[in-house]
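Fold and geometry: a report
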Amino acid sequence: MTAAMERTDNVISMRDEGTEEVSARLLASAARLSRNAMTEIDWSEPMDPTKYGCSPEWSSLYGTDYWDELTEEQRISVTRHEFASIMNIGIWFEMILQEMVIRDQYLGDYHGSEFQFALTEIADECRHSLMFAKASEKMVGTSYRPSKKVARLGKIFMQTAKNEVAYAGILVAEEVLDVFQRGCMRDDRVLDFIRTVNEIHVLEESRHMRFAREEVRESLRGVSWARRQFSALSVAIGAYFIVTSLVQPKAFADAGLDVDRAVREMRHNSHFHSMIRSSCVHLMEFLDEVGLLTKPAMRYYRKAHML
């Protein structure tokens, strides 16, 4: 782990403080530690044909009969297309995130740390989207988008979610990817530039997760039982559609696989489901802590294998 990563982990472990105090610390962290993939990565460097797009254990097909039948070349190809799909779905959600944060901070306290860190987060997300777009273009040359149904639902969520629903939704997307990317960025079987992409994203999203947690706590102070129930269910439904959209069927087609079989095996892959659950442990603990892990919400988390 780099010194920068250690310092950022310390940011996450800070004890609860007011939003302004937390935001001031995160602003200072961003000023010291922010990175730019556009200048840090040599995008013209050839890709090593023997390296994966993500750790093979994180492939949605790992542990299935289909995976066992694939050649090494096919396994490499499918992990590259899967991670390109994940990055592209990440772009889609980061665009939703940016609009929600801008709307939340409209006419905010321009001199306040909370407002200024919110703008810093938006700037970070813009750079992350560019980084993901560049990385997926280099790795596979293909764009992936959520289904039309999910895209419509995302637009509704983007236009209506606010307060704890908006920030808990942001937290869901960031937490799920965090564990996945932490493992892949340390795996020398993965393409070098993808490892750097993961490291940059983990480093900067750790600040965003700390900010989102604080915003959720602030928003839920003193709210009614009915509002908490509604918010919990809204977040869970959003989480279900985000997580189940990460690996698009088109990724399997582009990797040259039998799409119907690949999708079927992914949906019944107990190993993949356990990996998703492992990435959601801290998220579920937080949602339980703030009262957003209700029984109706838990049904959706279980359907998405997050719980």
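Residues numbered from 1 in each chain as written. Predicted model: local features only at pLDDT ≥ 70, side-chain atom pairs only at ≥ 80, totals over all residues. Heavy atoms only, no water.

1. Quick look at the layout of surface pockets
Approximately 610 Å³ is the volume attributed to the largest pocket. Along the wall of the largest pocket there are 27 residues; nearest its centre are Val-243, Thr-244, Ser-245, Leu-246 and Met-266. Of all the elements in the fold, those that place two or more residues in the lining of the largest pocket are helix H7 (148-160), helix H8 (163-185), helix H10 (225-243), helix H12 (259-267) and helix H13 (270-279). By residue class, the composition of the lining of the largest pocket is 17 nonpolar, 7 polar and 3 charged. (1 Å grid on protein atoms, 1.4 Å probe; cavity = no way out; pocket = protein on both sides within 12 Å on 5 of 7 lines; lining within 4 Å. Points joined across faces, edges and corners; volume = space filled by probe spheres on them. Helix = DSSP H or I, 4+ residues; strand = E, 2+ residues; numbered from the N terminus. Nonpolar A, V, L, I, M, F, W, Y, C, P; charged D, E, K, R; others polar.)

2. Section: empty space enclosed by the protein
Think of a ball as big as a water molecule: rolled over the atoms, this probe shows where empty space is left. This model, assessed by the stated rule, comprises 2 cavities of 30 Å³ or more. Taken together, 18 residues line the largest cavity, and the ones lying closest to its centre are Gly-90, Phe-93, Ala-173, Glu-174 and Leu-177. Those elements that place two or more of their residues in the lining of the largest cavity are helix H5 (72-105), helix H6 (113-139), H8, helix H9 (192-220) and H10. Of all the elements, H5 adds the most residues to the lining of the largest cavity, at 6 residues. Classifying every residue of the lining of the largest cavity gives 12 nonpolar, 2 polar and 4 charged. Size it by volume and the second largest cavity reaches roughly 40 Å³. In terms of lining, the second largest cavity is formed by Arg-35, Asn-36, Ala-37, Met-38, Arg-127 and His-128. Among the elements of the structure, helix H3 (37-40) and H6 are those that each provide at least two residues to the lining of the second largest cavity.

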